[in-house]
Structure formats: structure tokens, C-alpha cells
Amino acid sequence: MKFRNEELTNPLRAEVLIQALPYIKRYVGKTVVIKYGGNAMDSEESKQRMMRDIVLLWLIGVKVVLVHGGGPEITKAMEQFGKEPKFIDGLRVTDKETMDIAQMVLAGKVNKTLVNMLEAQGGKAMGISGMDGRLIEAKVKDERLGYVGEITNINIAPVKDLLEKGYIPVVSTIGCDQESNAYNINGDTAAAYIAGALKAKRLILMTNVNGILERSDDPSSLITDITVSEAGELKAKGIISGGMIPKVDCCIKAIETGTRKVVIINGMIPHAIIMELLTDEGVGTLVKGDKDDKASGNR
């Protein structure tokens, strides 16, 4: 429902807040991990809106962890340095020079920009990379890809420390190994491992579609709720296919390692994370464990 400013009266504002109260109580003091990246980061307006939403959640007592990527920014920087981006099976080929650029962009420009935006909206944020405190340990995923990492271990203490001190941790997905090599880590995968290690109540994965669609060409065919077993069945039927397969695999990994529930949402929908967390209907596809109580009626 949309309102013009003159239509949004004080009594209506109060009613909206009262109706949100049960959902606020559900998440106060709980951990929510948000994976942010891709198209949702392209527009300055959408970034500002997202940062406001995150600060709102933080102000009402939600422990928010923001995990971000920045593929388009890496590509732009590579082109500025005269390097042509190359991909194999959708993954960036990352030689040593490309890794240096990725580290500079993700752990530097993108990370600190998001921290600054959160602070400007009234939040209290701290940026770290997966190399800080050896948060994300990794090894070579595929020799053909160079410094693209496969996660071997998560040392979650740095994130927990920041949460306990009242910060919004902003994590760039750069991993490391025992030989001090840096690795570019898939953002969804990193978010899944971090959410699992935190035993998060919710992991939110942002994409550029509304969620899992029964018919790929029909946005109205959104599947709103599936279990891990049902996800396997949808893969077998070809309903979950293409780029949605690794995203759903990340959902399953997060649940298997301790995350309560995972949702795939369209990051381009204004206030999508607020609608997902603070309403019963939500906005995307919820993925949950097979033993989760379907009768609860709660997203």
C-alpha cells in the first residue's frame, strides 16, 4: 500500500507501528545476516534506502551482520587498470594482480563506503574483511580460476565481538590461507558460512528476481515456502536451475550449519528486508529445515 505524505496521518503511522510490534519482538536480540550485492548496489538511491532499513533494524534491537560483494566494482577497477575480466562457469578468473584489485575494491572502497553510509544514517558500523582475525580461511577452489577460494574454516570471534559491542559488522568477502595468500570468496557462500557459525535466526540472500519461480518467465509464480527436501525435488524437476542452484545450495548449507531459516529476496524491491522480517507474508522464497513446524504460520 502506498501513501502520499499528506495521507499518512499520525494515527495511521501509530497503527503501522503497533501492527509491527509482534514481529519486532520476534527479532529483538536475534542475529540476522544480510548478503548484499549485485544489482541492489548499482543505484545510489537503492543503497541509501537499504542502509536506512538496516539501521532501522539495528535501532529496534536486531543484531545485523552485513556481508557484501562488489563484482561490478571489481570489473570497473580492472578496466581502469587495463585488465580484461575473464570468467569460467560464471566465476571470475583471478590472477595475482586481479586479486590485488579485488582486495583493494572489496576491503577498501566498497566496504568503507557502506560503513560510512550506515554511520550517516545514525548506525554504528565497523568494517572488516575475511582476512581480519582470519575470519574466513580458504584454499584454492580450482587451479583454472587462480585466487578464487573455497572456504575451509570460519573463525567467527571477530564478528561476535563487534556484535557484543553494539556494532553492525560489515564484512567483505576476502579470505586467506596459512601462507598469507588472499582469495576472492563467493558472497553468498561466505554469508551462508557466517550465518551458520552465528546460529543466525535468519539469513537474507539478495538477488535480482523475486525468489524461486515455478515458471521462470512468470514473476507471479513465486514459491513462497520450501523445505530442504523440497528444494532437492525442485532441482530434480528443473524448477530450480541455472544461477538459482548455487544460491539454494547456500541456503541449505546455512541451515545445515545452524541458521534457523533463509530467504531469497529481490534486493531491488524497496524496503524488501523490512517487509520480509516485519510482516507475515514476506516478499521472497523462504527455505527452512525439514523438521521446521509448518503449522506455526510464521515466516
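Conventions used here
Along each chain, residues carry numbers from 1 onward, in the same order as the chain's sequence is written. Two thresholds apply to this predicted model, a pLDDT of at least 70 for residue-level local features and 80 or more for giving and counting side-chain atom pairs, whereas whole-chain, interface and lining totals are computed over all residues. Hydrogens and water molecules were not included; the side-chain quantities draw on all heavy atoms of the structure. For the purposes of this entry, the term helix denotes a DSSP run of H or I that reaches at least four residues, the term strand denotes a run of E that reaches at least two, and both are numbered from the N terminus. Residue burial is assigned from relative accessible area. The probe radius is 1.4 Å, only protein chains are included, and a residue is buried under 20% of its type maximum, exposed over 50%, and partly exposed in between. Working rule for contacts: check all heavy atoms of both residues, and any pair within 4.5 Å makes them a contact. Calculation of accessible area relied on Shrake-Rupley with a 1.4 Å probe; when residues are assessed, cover is drawn exclusively from the protein chains displayed. The charge count includes Lys and Arg as positive and Asp and Glu as negative, but it does not include His or the ends of the chains. Taken as the charge centre is NZ of Lys, CZ of Arg, CG of Asp or CD of Glu, depending on the residue. Pairs were defined over the aromatic rings of Phe, Tyr and Trp, the Trp ring being its six-membered one, requiring ring centres within 6.5 Å. Orientation was assigned from the angle between planes: stacked under 30 degrees, edge-to-face over 60, tilted for the rest. In this analysis an axis means a line fitted to C-alpha atoms, helices contributing only their contacting stretch, and an angle means the value between N-to-C directions, from 0 to 180 degrees. Relative orientations are named as follows: roughly parallel for angles under 35 degrees, roughly antiparallel for angles over 145 degrees, roughly perpendicular for angles from 65 to 115 degrees, and oblique for any other angle. Two helices that cross are described as forming a left-handed crossing if the nearer one is turned anticlockwise from the farther one by less than a right angle, and a right-handed crossing if clockwise. Only Asp, Glu, Lys and Arg are considered charged, only Ala, Val, Leu, Ile, Met, Phe, Trp, Tyr, Cys and Pro nonpolar, and every remaining residue, Gly among them, polar. Residues grouped as a nonpolar core are buried Ala, Val, Leu, Ile, Met, Phe, Trp, Tyr and Cys residues, joined through side-chain atoms within 4.5 Å. Paired strands are those between which DSSP finds at least two bridges.

Draft legend 1. Quick peek at the overall build of the protein chain. When you go through the protein chain residue by residue, the secondary structure sums to 9 helices and 14 strands. Seen through its C-alpha atoms, the protein chain measures out along the principal axes to roughly 60 × 45 × 35 Å. Out of the 299 residues belonging to the protein chain, those deemed buried represent 48%. Taking contacts inside the protein chain between residues at least 6 apart in sequence as the whole, the part at least 24 apart equals 69%. When the accessible area of the protein chain is evaluated, it comes to approximately 14,300 Å², of which 51% is carbon and sulfur surface. Side-chain charges in the protein chain split into 39 positive and 39 negative, and the spacing between the mean points of these groups amounts to 4 Å.

Draft legend 2. Expanded view of the packing of aromatic side chains. Tallied over the entire structure, the rule returns 1 aromatic pair. Here the aromatic rings of Y147 and Y183 are separated by 6.0 Å at their centres, their planes lie at 45°, and the arrangement is tilted. Placement of the pair is Y147 in the loop between β6 (136-140) and β7 (149-154) and Y183 in strand β10 (residues 182-184), with a sequence separation of 36 residues. The exposure class of Y147 is partly exposed, given its relative accessible area of 25%.

Draft legend 3. Fine view of the packing of helix α6 (residues 187-198) against helix α8 (residues 244-256). Relative to each other, α6 and α8 sit at 15°, their axes nearing to 8 Å. Viewed along their axes, α6 and α8 adopt a mutual orientation that is roughly parallel. Crossing of α6 over α8 shows right-handed handedness. Where α6 abuts α8, its residues D188, T189, A192, Y193 and G196 lie against K247, C250, K253 and A254. Classifying every residue of the contact of α6 with α8 by side-chain character gives 4 nonpolar, 2 polar and 3 charged.

Draft legend 4. Structural detail: the packing of helix α2 (residues 44-59) against helix α4 (residues 96-120). Between α2 and α4, the least distance of the axes is 9 Å, while the angle of their chain directions is 60°. With respect to their mutual orientation, α2 and α4 come out oblique. Two packed elements cross with a definite hand, and for α2 against α4 that hand is right-handed. Seen from α2, the contacting residues are E44, K47, Q48, M51, I54 and V55; seen from α4, they are L114, M117 and L118. Broken down by class, the residue content of the contact of α2 with α4 amounts to 6 nonpolar, 1 polar and 2 charged.

Draft legend 5. Looking closely at the nonpolar core. Core analysis: the biggest nonpolar cluster contains 45 residues, and I34, M51, I54, L66, L118 and I273 have the highest contact counts within it. The element best represented in this core is α4, accounting for 10 residues.

Draft legend 6. Geometry of the sheet that holds strand β1 (residues 31-36). Judged by pairing direction, the sheet is mixed, and its 8 strands sit side by side in the order β5-β8-β2-β1-β11-β13-β14-β12 without closing on themselves. Every interior strand has two partners, whereas the edge strands, β5 (125-129) and β12 (225-227), have only one. Adjacent strand axes in the sheet meet at a mean angle of 20° when their direction is disregarded. In terms of strand pairing, strand β2 (residues 63-68) meets strand β8 (residues 168-172) through 3 bridges, oriented parallel. Bridging across to β8, V67 finds its partner in V171. Packing of α8 onto the sheet brings it into contact with β11 (202-207), β13 (261-266) and β14 (285-288), and relative to β13 it is tilted by some 150°.

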